[in-house]
Amino acid sequence: MSLTSVLNIAGTGMTAQSIRLNTTASNIANAESASSSVDETYRARKPWFSVLEKEISAKATDVNGFMETDAAMGAGVQVRGIVEKDAPLQARFQPDHPMANDDGYVYYPNVNVVEEMTDMMSSSRSYQMNVEVLKTAKQMLQRTLTLGQ
């Protein structure tokens, strides 16, 4: 695998995890936002990732019946979009609440704070691992440059 491939994969991974961290933070920030109607209630959002495919040359496709590791890997991560979770909203009977509708219900987002905190820890660690990959690649390149001295 080439150095540019490693840098590209780590870079796209960092971008993807940064977006994941931002959507998670938005979900946590809106976890207790109240609304009087279902249509106005915040819905939890999640990023949708996919593998960036790379072109595979004819010489790299088959080695003893198996695909080479480098050829079988993707070229990084792509964020396809941000989607809303389809979990049901929380309707709470709170007739004294200022946001209560005519029936006395207040609607809260479909945000599970424990799940969001788990996602935040996971994406933070993934981001850190991609940073470590970039640091290691930089160190390897610097050592390669000093070999001729």
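(A) Region of interest: a nonpolar patch on the surface. A surface patch of nonpolar side chains, amounting to about 340 Å² of accessible area, comprises Leu 3, Leu 7, Leu 141 and Leu 145. With respect to the element layout, Leu 141 can be found in helix H3 (residues 113-146).

(B) Region of interest: the confidence of the model for the protein. Looking at the protein, the pLDDT average stands at 86 and 85% of residues meet or exceed 70. The weakest mean pLDDT in the protein belongs to helix H2 (residues 69-72) at 52; the strongest belongs to strand E4 (residues 105-108) at 95.

(C) Expanded view of the packing of helix H1 (residues 3-29) against H3. It is at 8 Å that the axes of H1 and H3 come closest, and there the two elements cross at 155°. Between H1 and H3, the crossing angle belongs to the class labelled roughly antiparallel. When the axes of H1 and H3 are compared, the crossing they make is left-handed. Of the residues assigned to the contact of H1 with H3, the class counts are 17 nonpolar, 10 polar and 3 charged.

(D) Up close: the environment of Thr 4. Examined against the element boundaries, Thr 4 turns out to sit in helix H1. On a C-alpha basis, the gap between Thr 4 and Ala 137 in space is 9.4 Å, while along the polypeptide they are 133 residues apart.

(E) How the structure looks around the packing of aromatic side chains. If you walk through the whole model with that rule in mind, you get 1 aromatic pair. Considering the side-chain rings of Phe 93 and Tyr 105, the 5.4 Å spacing of their centres and the 65° angle between planes classify their relative orientation as edge-to-face. One end of the pair, Phe 93, is in strand E3 (residues 90-93); the other, Tyr 105, is in strand E4, and 12 residues separate them in sequence. The class of Tyr 105 is partly exposed, set by a relative accessible area of 33%.

Rules used in this analysis
- Residues numbered from 1 in each chain as written.
- Predicted model: local features only at pLDDT ≥ 70, side-chain atom pairs only at ≥ 80, totals over all residues.
- Heavy atoms only, no water.
- Patch = residues over 30% accessible without salt bridge, like charges linked within 9 Å, V, L, I, M, F, W, Y side chains within 5 Å.
- Areas by Shrake-Rupley, 256 points an atom, 1.4 Å probe, with all protein chains shown as cover.
- Salt bridge = Lys/Arg side-chain N within 4 Å of Asp/Glu carboxyl O.
- Helix = DSSP H or I, 4+ residues; strand = E, 2+ residues; numbered from the N terminus.
- pLDDT = per-residue confidence, 0-100.
- Axes fitted to C-alpha atoms, helices over the stretch in contact; angles between N-to-C directions.
- Parallel < 35°, antiparallel > 145°, perpendicular 65-115°, else oblique.
- Left-handed = near helix turned anticlockwise from the far one by under 90°.
- Nonpolar A, V, L, I, M, F, W, Y, C, P; charged D, E, K, R; others polar.
- Phe/Tyr/Trp six-rings, centres within 6.5 Å; stacked < 30°, edge-to-face > 60°.
- Buried < 20%, exposed > 50% of the residue type's maximum accessible area, 1.4 Å probe, protein only.

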